[in-house]
Amino acid sequence: MFACRNLLKLNKIRKKKRRKPHKSSTPKPPKQNPNSTTHDSHQFSLKSQSLGVQPLGNFYLTSSHHNTRNPGLGTIKSLTDELILDILGLLEPTHLGVLSSVSKSLYVFCNHEPIWKNLVLACSPHGFLFKGSWKSTFVAEKYPAYYSKAGSFGLNLKVQDFYSDYLFQSWLCANLEMKSEWLVRDNIIRRKGVSVDEFVNDFEALNKLVLIEGCLGNWGAMEKWDRDYLVKVCGDARFSVGPTQMTMREYFVYADQAHEERPLYLFDPGFANKVKELGRDYETPVYFNEDLFSVLGNERPDYRWIIIGPAGSGSSFHIDPNSTLAWNAVVKGSKKWVLFPPDVVPPGVYPSADGAEVACPVSITEWFMNFYEATKTLKKRPVECVCKAGEVIFVPNGWWHLVINLEDSIAITQNFVSRRNLLNVLEFLKKPNASTLVSGTRDRVNLHDKFKKAIEASFPGTIDELAKEAEKKKTEMEKPSFWDSVKDSNSGGFKFSF
Amino acid sequence: MTSSKTIVLRSSDGATFEVDEAVALHSLMIKHRIETGGADSTTIDVPEVTGNTLSKVIEYCKKHVEAPNSDDLKSFDTDFVKVDQAVLCHLAKASYYMNIKGLLDLSSKTIADMFKGKTVEQIRETFHIKNDFTPEEEEELRKENSWNLFV
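This text gives an overview of the structure that appears in the document. (Residues numbered from 1 in each chain as written. Chains lettered and ligands numbered in written order. Predicted model: local features only at pLDDT ≥ 70, side-chain atom pairs only at ≥ 80, totals over all residues. Heavy atoms only, no water.)

1. Quick look at the pattern of salt bridges
All names here are of chain A. The cut-off we apply is this: Here, a salt bridge means any side-chain nitrogen of Lys or Arg that lies within 4 Å of a carboxyl oxygen of Asp or Glu.
Under the counting rule described, the total for this entry stands at 33 salt bridges over all chains. Across the pair K179 and E181 runs a salt bridge whose closest N-O atoms are separated by 3.4 Å. The network of salt bridges with shared partners includes D186, R190, E213 and E391.

Set out below in C-alpha cells:
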C-alpha cells in the first residue's frame, strides 16, 4: 500500500504553540541548533535541515552577529535571495558546480533544490528515477557512469549561521504539515442518495457546489486501485507528470521521497486510452452523465484526468477553462478543497484582465500560511471541505478552487457540458483567447463551429431553444418590479416604462 | 499634436522625475498603482529605488517605449549594462521591484554571464568574496563536485 506521509496526523515533533507570524510571515523559531532533530515538543523543529538555513529572525536572537550569507556573496550581497536564485537559474549545471565551491553562502544558494528540479525536468522529458534529492537525481541522470561508480551522491557540508527568510520559508513550506486549524472548516453542502433531478435542479442548474457521498460503490477502482495494481497494470505506459512523462513505478519512487514545496503530481488526460483497464475500473456517476462534448467523439478536448499525488501536492487557485462543469472523485486518500464563487477573487490571487492568466505567486502551503487567516473575516467566505475516499465533489462553472492532497491520493476528475451550461461554453469558445485556454484538442481554433454543428446534428433545435429560454429569463430580470417603480416615483425619479 | 499625460516619480531620496505616462507604464508596478490609485496618481513614490538608479531605469523605459523597433535597441541594451557591479545590482533590484521584465531579464543575464567561464578563484576575485571553507571542507567539496569533471 502507500507509504503514508500523512498530513492529517500531527507531527510528533510539532511545536504546540505557534507565535503570531511577523509581517513577512516567517515564523520565528526560538534559538536552536539548526542541525538537531530534537523531539522536544517545545522546540519549533520539523525535520532535519540538511543545509542549516535559518530564518532571518533568528539572526537577531543569536549572539554571534555573523550571517554567513553576506560575506559569501561579496558585491552581489545586496541582491535579494529571490533574485539570486533567479540568476542562478540561468546558469548551466557545470557553472553551478563551480559556483558552489566559492563560498558557504553560494554553496547554500547553488544547492537550492528547485534549481536542480528544473534542470532534471528539462533534461529528462521521458521520465527519470528519483534519487532522494533533485541534485542527486540530476547527477544520476546526466552522469550515470559517475553515479554508478560513486554509488550515491549527497551533500555533506553543514553550514552554520546562514540566515535567510526566503530560503528558510521555502524549506519550511516543503516540510510543513497542514495545521489542523486549516482543516477544521467543512461547510460544503453534502448529499447522499440524492436523485439526478434533485441534483440538477438544486445544484447544477443553480451553479451551486455539492459533495456527494456514497455514489462510487460500483467502481472497481475503489477496491482494486492500490500501488501494486497500478504498477502492474500500467507497466511501461508513461503518464504526464508536470513537463515530463513517467511510468507509474517511477512516479511512486519520486512520490515516496519528495519533500518539497510544490510536489509534482501525475495528471494525465489520456490514462484510459493508454491503459484500457483503468478506464474500465470506473464510470461517470449518474449525475454527470449529460456530457455534450461527447458529440465530437475523438475530436473532443481533454475531458478526464487521473490525478495521483503525495501529501502536499495539488493545485493552487484557478478556474477551470472552457466554462465547463466538473466533478472530482477521490478513490484513495483525501483532499482539502477551498473554493470561492466566480465573482470573488481569493486573497493572494491576481488574475489578468482577460482571465487568461492567473498569478498565484505563492505555493499552496504558503497560501495557507499567509492568506487563510484572512478568509475568516471576508464578507463572502469560501466553501471548504475535506473530500475523502468514496466521495465526489461537483465544481460548478467559474468557481475558484484550490486543492491539496492531505495524504497519498488517487482521484479521477472529469469536466462536462450539460444543457444548462451549453450556451456559456459556446460563448466562451467564441472568445479570441479560447484557443489558448482549451486543452487537448488539435483544432482549437474551429472548436466553436465544430461543436455547434455537432450539437445541431445530434440535438437539432436545442441551441435555439436554450437561447430563447435565456432571453426570456433575461427580460424577466430586467423588467422593473412593481416595487421598483413605486420606489422610483417616491424618490422623484422619472422613468419611461413601455 | 498628441497630448501626453505626465507622471512624476519620486525616489527614496526625494528626487523627482517627470515622465510621459506611457513611459511610466512600462513598469507594471506603476501601472498597477495608477490603475488602482484614484484621484491623486500623478505623483508616484518609488521608495525602494534611489534617484540615481531611478534615473537610469527611466532612461531604459524611455528607449524601449519610444523606439521599441529601432535597429540599435540591442546595442543600446548592451551598452546600458556596461556599468559597475553596484549599479548593475541596483538596476536588477529596481527592475524586480518595479516589475519591468525586459530590464530584469537584461540585468539578471548580465550578472549570470559574469559567473560563466571562470574558475572558483576568478569568481572570488571578481566579486570580492573571501573563501570561508576550511581545508577539510574544501576536500569534501572536491569530492562532492567531482561529477562536474565527468563529460
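Structure shown, so let's carry the discussion forward.
2. What to know about the packing of helix α3 (residues 51-66) of chain B against helix α5 (residues 85-97) of chain B
Residue and element names in this part refer to chain B. Let me state the cut-off plainly: Interaxial angles span 0 to 180 degrees and are taken between N-to-C directions of axes, which are lines fitted to C-alpha atoms, for helices over the stretch in contact. Helix and strand definitions here come from DSSP, where helices need a minimum of 4 consecutive H or I residues and strands a minimum of 2 consecutive E residues; each element is numbered from the N-terminal end. Should an angle fall under 35 degrees it is called roughly parallel, over 145 degrees roughly antiparallel, and 65 to 115 degrees roughly perpendicular, with every other angle called oblique. Should the near helix be turned anticlockwise from the far one by less than a right angle, the crossing is left-handed, and should it be turned clockwise, the crossing is right-handed. Only heavy atoms matter for contacts: two residues are in contact if any of them lie within 4.5 Å across the pair. When residue character is reported, Ala, Val, Leu, Ile, Met, Phe, Trp, Tyr, Cys and Pro are called nonpolar, Asp, Glu, Lys and Arg charged, and the others, Gly included, polar.
In contact at an axis separation of 10 Å, α3 and α5 are set at 70° when each is read in the N-to-C sense. Between α3 and α5, the angle is such that the two are roughly perpendicular. The element α3 and its partner α5 pack so that their crossing is right-handed. Touching T53, K56 and V57 of α3 are V87, H90, L91 and A94, all from α5. Here the contact of α3 with α5 is composed, by residue class, of four nonpolar, two polar and one charged.

3. Some remarks on the interface of chain B and chain A
Where interface size is given, it is often the accessible area lost as the parts come together that is meant. Selection rule: For any pair of parts, buried area is found by adding up, for both, the accessible area (1.4 Å probe) each one loses once the two are put together. Counting of polar contacts relies on pairs of N or O atoms within 3.5 Å, with two restrictions inside protein: one atom must be capable of donating a hydrogen and the other of accepting it, and residues adjacent in sequence are counted only when both atoms are side-chain atoms.
Contacts between chain B and chain A engage 36 residues on the former and 39 residues on the latter. Here chain B packs against chain A, burying approximately 3400 Å² in sum over the two surfaces, 69% of which is carbon and sulfur. Counting across the chain B and chain A interface gives one salt bridge. Notably, a salt bridge pairs K104 of chain A with E137 of chain B, separated by 3.3 Å at the nearest N-O pair. Here chain B is connected to chain A by 14 residue pairs in polar contact (both at pLDDT 80 or more). If you list the elements that add at least two residues to the side of chain B that touches chain A, you get α5, α6 (101-115), α7 (120-127) and α8 (135-144) of chain B. Of all the elements, α6 of chain B adds the most residues to the side of chain B that touches chain A, at six residues.

4. Observations concerning the nonpolar core
Threshold: In this description, a nonpolar core means a group of buried Ala, Val, Leu, Ile, Met, Phe, Trp, Tyr and Cys residues linked to one another through side-chain atoms lying within 4.5 Å. Buried, partly exposed and exposed residues are distinguished by accessible area as a fraction of the type maximum, computed with a 1.4 Å probe on protein chains only: under 20%, between the cut-offs, and over 50%, respectively.
Ranked by size, the top nonpolar core spans 146 residues in total, and within it W225 and F368 of chain A carry the most contacts. By residue number, the principal contributor to this core is α6 of chain B, which donates seven residues. When residues no more than four places from it in sequence are discounted, the contact partners of F368 of chain A are M178, W182, K336, V338, L402 and I404 of chain A. Counting residues in each nonpolar core, the second largest holds 15 residues, with L422, F451, I455 and L466 of chain A among its members.

5. A closer look at the environment of R381 of chain A
Residues and elements named next belong to chain A. Of note, R381 is situated in the loop between α15 (364-375) and β14 (383-388). By relative accessible area, R381 is classed as partly exposed at 47%. If sequence neighbours within four positions are ignored, R381 has contacts with R185, T375 and K376. A polar contact of 3.1 Å, which involves the side chain of R381, links it to the backbone oxygen of K376.

6. So, the side chain of R124 of chain B
The residue R124 of chain B is located in helix α7 in this model. What makes R124 of chain B buried here is its relative accessible area of 6%. A polar contact of 3.0 Å, which involves the side chain of R124 of chain B, links it to the backbone oxygen of S101 of chain A. Dropping the residues within four chain positions of it, R124 of chain B is found in contact with S101 and V102 of chain A together with I129, N131, F133 and E138 of chain B.

7. Quick look at the pairing of strand β1 (residues 6-11) of chain B
Residue and element names in this part refer to chain B. Stated formally: Here, a strand pair is defined by DSSP locating no fewer than two bridges between the strands.
Burial along β1 is one-sided: I7, L9 and S11 are buried, while T6, V8 and R10, pointing the other way, are not. As defined by bridge partners, β1 adjoins strand β2 (residues 16-20) across five bridges and the pair is classed as antiparallel. Along β2, the bridge assignment pairs L9 with F17. Examined bridge by bridge, β1 and strand β3 (residues 43-46) share four bridges and lie parallel to one another. Across the sheet, residue R10 finds its bridge partner in β3, namely D45.

8. Looking at the state of the cysteines
Residues and elements named next belong to chain A. Going by this rule: Here, two cysteine sulfur atoms that lie within 2.5 Å of each other are counted as a disulfide.
Counting across every chain of the model gives zero disulfides over all chains. There is no disulfide at C123, and the cysteine sulfur nearest it, in C110, is 18 Å away. A residue is classified by how much of its surface remains accessible, and C123, at 29% relative accessible area, is partly exposed.

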